[in-house]
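Structural description and commentary
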Amino acid sequence: MTKTALTDPSHWVERYGDSLYRYALLRLQSRELAEDLIQETFAAALRNRSSFSGHSSERTWLIGILKHKIVDYLRAKYREQSNVALSVEMDRLRTRPFTITPLARP
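These notes cover the structure that comes with them. None of the values given here were measured: they were computed from a predicted structure. (Residues numbered from 1 in each chain as written. Predicted model: local features only at pLDDT ≥ 70, side-chain atom pairs only at ≥ 80, totals over all residues. Heavy atoms only, no water.)

**Some thoughts on the side chain of glutamate 58**
Structurally, glutamate 58 is set in helix H3 (residues 58-95). There is a polar contact of 2.6 Å between the side chain of glutamate 58 and the backbone nitrogen of threonine 7. (Helix = DSSP H or I, 4+ residues; strand = E, 2+ residues; numbered from the N terminus. Polar contact = N/O pair within 3.5 Å; in protein donor to acceptor, adjacent residues only side chain to side chain.)

**Thoughts on the packing of helix H1 (residues 12-28) against helix H2 (residues 31-47)**
Two quantities define a packed helix pair, namely the angle between the axes and the distance from one axis to the other. Between H1 and H2, the shortest axis-to-axis distance is 9 Å and the interhelical angle comes to 130 degrees. By the angle between their axes, H1 is oblique relative to H2. In this structure, H1 crosses over H2, and the sense of that crossing is right-handed. Mapping the contact onto sequence places Trp12, Val13, Gly17, Leu20, Tyr21, Ala24, Leu25 and Leu28 in H1 and Arg31, Leu33, Ala34, Glu35, Leu37, Ile38, Phe42, Ala45 and Leu46 in H2. Its residues assigned to classes, the contact of H1 with H2 shows 14 nonpolar, 1 polar and 2 charged. (Axes fitted to C-alpha atoms, helices over the stretch in contact; angles between N-to-C directions. Parallel < 35°, antiparallel > 145°, perpendicular 65-115°, else oblique. Left-handed = near helix turned anticlockwise from the far one by under 90°. Contact = heavy atoms within 4.5 Å. Nonpolar A, V, L, I, M, F, W, Y, C, P; charged D, E, K, R; others polar.)

Functional significance is not addressed by these values, which are geometric in nature.
Listed below in structure tokens is the structure:
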């Protein structure tokens, strides 16, 4: 199996920007968020160029990084929403009067 070498990073946006954008936009439904995560993807790829093994295409490698960025974002968003919901529920429980209801006996 032949290993693929990385191209000059200055060409990444031109070569892969559209396909990365379509991938992100389809999953995130937000142009701004898609653009932000693609920018983070290119920055991460640039920082970690030495980790590219060459067993996949450069495009596949970049989409893999983007996929992880999207998953990280969605996890953080879910945690944030869960924390907000938990906080609201805790506030509701704190303000609700505490009463003990006796069990009905048959």
